[in-house]
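Geometric and topological summary
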Amino acid sequence: MPPGISTLAADTELSAANTGFMLICSAMVMLMTPALAFFYGGMVRVKSTLNMLMMSFISLGIVTILWVLYGFSMAFGTDIGSVVGWSADYVGLSGIGVTELWDGYTIPVYVFAVFQLMFAVLTPALISGALADRVKFTAWALFITLWVTVVYFPVAHWVWGAGGWLFEMGVIDFAGGTAVHINAGAAALGVILVIGKRVGFKKDPMRPHSLPLVMLGAGLLWFGWFGFNAGSWLGNDDGVGAVMFVNTQVATAAAMLAWLIYEKIRHGAFTTLGAASGAVAGLVAITPAGGSVSPLGAIAVGAIAGLLCAMAVGLKFKFGYDDSLDVVGVHLVGGIVGSLLVGFFATGGVQSDAKGLFYGGGLEQLGKQAIGVFAVLAYSLVVSAILALVLDKTMGMRVDEDVEVSGIDQVEHAETAYDFSGAGGGAGSRKAVPVTGETVAAAGQNKKVDA
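Residues numbered from 1 in each chain as written. Predicted model: local features only at pLDDT ≥ 70, side-chain atom pairs only at ≥ 80, totals over all residues. Heavy atoms only, no water.

**Focus: the confidence of the model for the protein chain**
Taken residue by residue, the protein chain gives an average pLDDT of 92. The fraction at 70 or more is 91%. Below pLDDT 50 for its whole length, residues 426–451 participates in 27 contacts with residues either more than four positions away or in separate chains. (pLDDT = per-residue confidence, 0-100. Contact = heavy atoms within 4.5 Å.)

As structure tokens, this is what we get:
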């Protein structure tokens, strides 16, 4: 629910069109969490595939229940001190009328609640990519529970809740650059600084085991992101959502191309992983900015984000933090870039009359954006690190080293992602050799595959 909205008359009636549109958008955003699981799952080694999938998927269960019990009330209830919300009617969603409308809109409160639920589900799942291969599943589940309670729900209120201090300041975050991506990226950095590096970081090859799975996940994310972004205007009455839809496509395309060009110049090849990562970087960056920039501005936002994120993913090797799947490099950096570029490219003619530096608005909006960026970054980084430290000192967050080396899937989930027992088939074939995670026979390849 971005700042700068216009309210409707008190006798506003429920719109079947807007309600249906928002339910579809909610379903598209829900799809983004399994899509993220595919995206991350393809990027890890074979022995960690299922654990990576489950780290995203479990968020659908935990966060959904917490949102109904108290999360929606904390994020969007009556403001308390500009920091958090609370409304008894929202606890358990028990005091909401079936046709009660979200204030100022033509959609039911239930529809708004379920749309925002999908954002809450996705955000902690984003963090999981930084922690691949080494975190106990029970510790991760408890971390999600604590994190959404003390970080995500309050920050969502700051950014989108009526009375939230960043909302009232006029910080523009159309669909989650601060509340979702900077929040998750900073949390990822805080946790990995506590739990440390994977065994073999910067020594062993840790290549993606399934690039087709990565591309499938990226494609589904791109699709779902239209609901994530265009749906955040909560209706279709004035064309703003349509602009956001166009800008989402434009910025994503520009970011993908910028990443690939950088990759070709820097490393000599156009890779599928680069294409997927560039697309996600563009989606992240346009999320806060797309409702305030023109399509040409969206090209600039996407291209700048694609370039800077491509450069940023290598920082983990320079500074020694093990961000397994580049959550910091893509989501934190992309969220910062997109949020700050609002202060340069906002036209004043889409979601609000706020103008950026390049459109005669001076530095005012840029200053507001910077406050929003660094407030969320600092809060999430510090609190997430504290939560991880407490869990690590009590129950332990990391699996044992031998489990990490041999493969976390079998120990944590009693399963493996792929069954190769029948791969040799046919009379006279050699006796099947158990898959250990050290080497996997890949179809059409006569070399070791990093498992």
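After that view of the structure, there is still more to cover.
**A look at the pattern of salt bridges**
Scanning the model with the defined rule gives 7 salt bridges in all. For Asp322, the salt bridge identified is with Arg198, shortest N-O distance 2.8 Å. Of this pair, Asp322 sits in the loop between α11 (315–319) and α12 (327–345) while Arg198 sits in the loop between α6 (177–195) and α7 (211–230), and the two are 124 residues apart along the sequence. A relative accessible area of 1% means that Asp322 is categorised as buried. For Arg198, a relative accessible area of 9% puts it in the buried group. We note a salt bridge from Glu364 to Lys368, for which the minimum N-O separation is 3.5 Å. Remark: Lys368 and Glu364 occur in helix α13 (residues 364–394); sequence separation between them is 4 residues, near one turn of the helix. Given a relative accessible area of 54%, Glu364 falls into the exposed group. (Salt bridge = Lys/Arg side-chain N within 4 Å of Asp/Glu carboxyl O. Helix = DSSP H or I, 4+ residues; strand = E, 2+ residues; numbered from the N terminus. Buried < 20%, exposed > 50% of the residue type's maximum accessible area, 1.4 Å probe, protein only.)

**Digging into the environment of Tyr70**
Mapped onto the fold, Tyr70 is located in helix α2 (residues 49–76). Between the C-alpha atom of Tyr70 and that of Ile107, which follows or precedes it by 37 residues, the distance is 21 Å. Those residues in contact with Tyr70 that sit more than four places away from it in its chain are Trp86, Thr149 and Phe153. There is a polar contact of 2.7 Å between the side chain of Tyr70 and the side chain of Thr149. (Polar contact = N/O pair within 3.5 Å; in protein donor to acceptor, adjacent residues only side chain to side chain.)

**Describing the environment of Ile386**
You can see Ile386 is positioned in helix α13. Distance in space between the C-alpha atoms of Ile386 and Val194 is 8.6 Å, their sequence separation being 192 residues.

**Regarding the nonpolar core**
Of all hydrophobic cores here, the largest spans 113 residues; its most connected members are Phe39, Phe72, Trp102, Leu131 and Tyr152. Counting residues per element, this core draws most heavily on helix α4 (residues 137–160), at 16 residues. Counting residues in hydrophobic clusters, the runner-up holds 15 residues, among them Ile172, Ala251, Ile286 and Val337. (Core = buried A, V, L, I, M, F, W, Y, C linked by side-chain atoms within 4.5 Å.)

**Re helix α10 (residues 295–312)**
Taking 1.5 Å per residue as the helical rise, α10 with its 18 residues ought to reach 26 Å, and the 25 Å between its terminal C-alpha atoms agrees with that figure. Of the residues making up α10, those classed as buried are Gly297, Ala298, Val301, Gly302, Ala305, Gly306, Cys309, Ala310 and Ala312. Taken together, the buried residues of α10 touch α8 (240–267), α9 (272–289), α11 and α12. (Expected span 1.5 Å × (residues − 1).)

**Quick word on the side chain of Asp133**
Counting through the fold element by element, Asp133 comes out in the loop between α3 (109–127) and α4. A polar atom in the side chain of Asp133 sits 2.9 Å from the side chain of Arg45. The residues touching Asp133, leaving out its near neighbours within four places in the chain, are Val44, Arg45, Ser48, Arg198, Val399, Glu404 and Ile408.

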